[in-house]
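Spelled out from the first residue to the last, the chains are:
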Amino acid sequence: MSIDTLFSPAKFGALSLPNRIVMPALTRMRAVPDGVPQQISAKYYAQRASAGLIITEATAISVQGHGYPQMPGIHTPEQIAGWRRVTDAVHARDGRIVLQIVHHGRWSHSSYNPDGSLPVAPSAIAPPGSAYTPSFTQAPYEVPRALETNELPLIVASFRQAARNARDAGFDGVEIHGANGFLLDQFLQDGSNHRTDAYGGTIENRARLLLEVVDGIATDIGAERTAVRLSPHGNLGGLSDSDTVPHFSYVIGELGTRNLAYLHMIEPRASSIGLADDASIDSANNAMLFRRLFAGPLITAGGYTTQMGVDVVTAGLADAVAFGRMFIANPDLPERIRTGAGLNAFDRSTAYGGGAHGYTDYPTLPLDREVAIA
């Protein structure tokens, strides 16, 4: 196995990556209840600054956009200041970091809204399963309220403001979360979008909200600092689509005309990776199916080993590979891959919520010095 492929530099829009080993968005639930990242998060991200690129955990664009306990936001001055501590710490170690911005849509719960209002979605269809409320208790998902057509410009405006806030917080760009069953993905897939207005029915209509968000953010902060995450064939949140390949081919083709920093696609074999430590190999190959439709840089994610990462980049099916659980457990992952050092085992029991244990105390190689952050 030649790992040199993963250590060649790459240009992703305005971002210059020293290697192709990406830390993807990873839900950790360590913000304080008002969505402000804690000081310990600056240490957590700075420890991983040797990644070619860090993509933060999903971050809410508005109060309405929150969907799980201790989720960070980017819609208040306090949240912006909290994230500034993170970006300063990462940049002090010569790292690159973008903020993943999201609206949870029907994957939220009325307990997150101060007025107790229902979560919103393209259509009044509840997802299966249970939500986690702010107190970490489980409650059945509610039937969401279908957004009115005249409310959708407000959703776009919230995404745009979040992107501007991210730049104010020092981020190098933003990744728009259009995957994993959240609001923009709910609009894209016809199993969750039963609308009859200009945002439902045809794939051109269902893609309208995502493309309006992308175009608005690109206008505000530059296309070269704007990226998108998609999950064709994904079924998280009970989503489904009647004709995935042609529908997502249209979406990806449209994104490919916009000179974005990159497209980040999740492989469907990892649809349950947040719930288990293995990934299915009996599923579609998104990198193979859609790579030809996006001329810009492509990140692929989902259950990759080092060898699989080398193979997919060598084959030209992606320009970089995201390693999730490996980065949680190995802050110095690029160095471990480069030297062939052993990997720390991922401890799932410490993944969500808590403090330093399982967050900033995974051991690093002896040559790596401790991050000094007050």
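Every residue gets a number counted from 1 within its own chain, in the order that chain's sequence is written. Predicted model: local features are reported for residues with pLDDT of at least 70 only, side-chain atom pairs are reported and counted for 80 or more only, and whole-chain, interface and lining totals are derived from all residues. Water and hydrogen atoms were dropped before computing side-chain values, which therefore reflect all heavy atoms in the structure.

Enquirer: Sorry, what's going on with the environment of T202 here?
Expert: The way it works is that DSSP assigns letters per residue, a run of H or I at least four long becomes a helix, a run of E at least two long becomes a strand, and they are numbered from the N terminus. Of note, T202 is situated in the loop between α4 (183–188) and α5 (203–206). Sequence separation between T202 and H247 is 45 residues, and the spatial gap between their C-alpha atoms is 8.9 Å.

Enquirer: How should the packing of helix α3 (residues 152–168) against helix α6 (residues 208–221) be read in this particular structure?
Expert: The geometry of a pair of packed helices is captured by two quantities: the angle between their axes and the separation between those axes. Two elements in contact, α3 and α6, have axes whose closest approach is 9 Å; the angle formed by their N-to-C orientations is 35°. As for how α3 packs across α6, the hand of that crossing is right-handed. Two secondary-structure elements touch here, α3 through L152, V156, F159, R160, A163, R164 and R167 and α6 through L209, E212, V213, G216, I217, T219, D220 and I221. Each residue gets one of three labels, nonpolar for Ala, Val, Leu, Ile, Met, Phe, Trp, Tyr, Cys and Pro, charged for Asp, Glu, Lys and Arg, and polar for the others, Gly among them. Grouping the constituent residues of the contact of α3 with α6 by class yields 8 nonpolar, 2 polar and 5 charged. Convention adopted: a line fitted to C-alpha atoms gives each axis, helices being fitted over their contacting stretch, and angles between N-to-C directions are expressed from 0 to 180 degrees. By convention, the crossing between two helices is left-handed when the near helix turns anticlockwise from the far helix through less than a right angle, and right-handed when the turn is clockwise. Contacts are assigned to residue pairs with any non-hydrogen atoms lying within 4.5 Å of each other.

Enquirer: Explanation requested: helix α9 (residues 306–314) in the structure shown.
Expert: Think of an α-helix as 3.6 residues a turn; residues three or four steps apart then line up on the same face. Accessibility here uses a 1.4 Å probe with only protein chains present; expressed as a share of the type maximum, an area under 20% marks a residue as buried, one over 50% as exposed, and anything in between as partly exposed. Along α9, the residues classified as buried are T306, G309, V310, V312 and V313. Here the buried face of α9 lies against α8 (286–290), β14 (298–301), β15 (320–322), α10 (324–329) and α11 (333–339). One or two positions beyond α9, positive phi appears at G316, with a value near 80°.

Enquirer: Help me understand the nonpolar core, please; the structure alone is not making it clear to me.
Expert: In a soluble, globular protein the nonpolar side chains are often hidden away together inside. For this analysis, a nonpolar core means a set of buried residues of the types Ala, Val, Leu, Ile, Met, Phe, Trp, Tyr and Cys, connected via side-chain atoms within 4.5 Å. I101, I176, L230 and L255 are the most contacted members of the largest nonpolar core, which totals 82 residues. Apart from the residues lying within four places of it in its own chain, the contact partners of I176 are I101, F159, L184, L210, V213, V214, I217, T226, A227, V228 and R229. Membership of the second largest hydrophobic core comes to 16 residues, among which are V22, A227, A301 and A322.

Enquirer: Sorry, what's going on with the confidence of the model for the chain here?
Expert: Caution is warranted with low-pLDDT regions, since their predicted coordinates should not be read in detail. Think of pLDDT as the predictor's per-residue confidence, scored from 0 to 100. The predicted model of the chain averages 94 in pLDDT, with 94% of residues at 70 or higher. Taken as a whole, residues 272–281 scores under 50 in pLDDT and shows 17 contacts with residues more than four places along the chain or in a different chain. Segment residues 368–374: pLDDT under 50, and 14 contacts once partners within four positions in sequence are set aside and those in other chains are kept.

Enquirer: Which parts of the structure should I look at to understand the pairing of strand β12 (residues 226–230)?
Expert: Every other side chain in a regular strand lies on the same face of the sheet, so the side chains alternate between the two faces. Of all the 5 residues making up β12, 5 are buried; the element is thus mostly covered by neighbouring parts of the structure. Judged by which residues are buried, β12 turns out to be covered on both faces: T226, V228 and L230 on one side and A227 and R229 on the other are all buried. Sheet topology note: the strand β11 (residues 174–177)/β12 ladder contains 4 bridges and is parallel. Paired with E175 across the bridge in β12 is A227. The criterion for strand pairing is that DSSP finds at least two bridges linking the strands in question. Note that β12 and strand β13 (residues 262–266) share 4 bridges and pair parallel. Across the sheet, R229 pairs through a bridge with H264, a residue of β13. Crossovers are described as right-handed under a simple rule: with the strands pointing away from the observer, the path leading from the first strand over the helix to the second runs clockwise. In terms of handedness, the path from β12 via helix α7 (residues 244–255) over to β13 forms a crossover that is right-handed.

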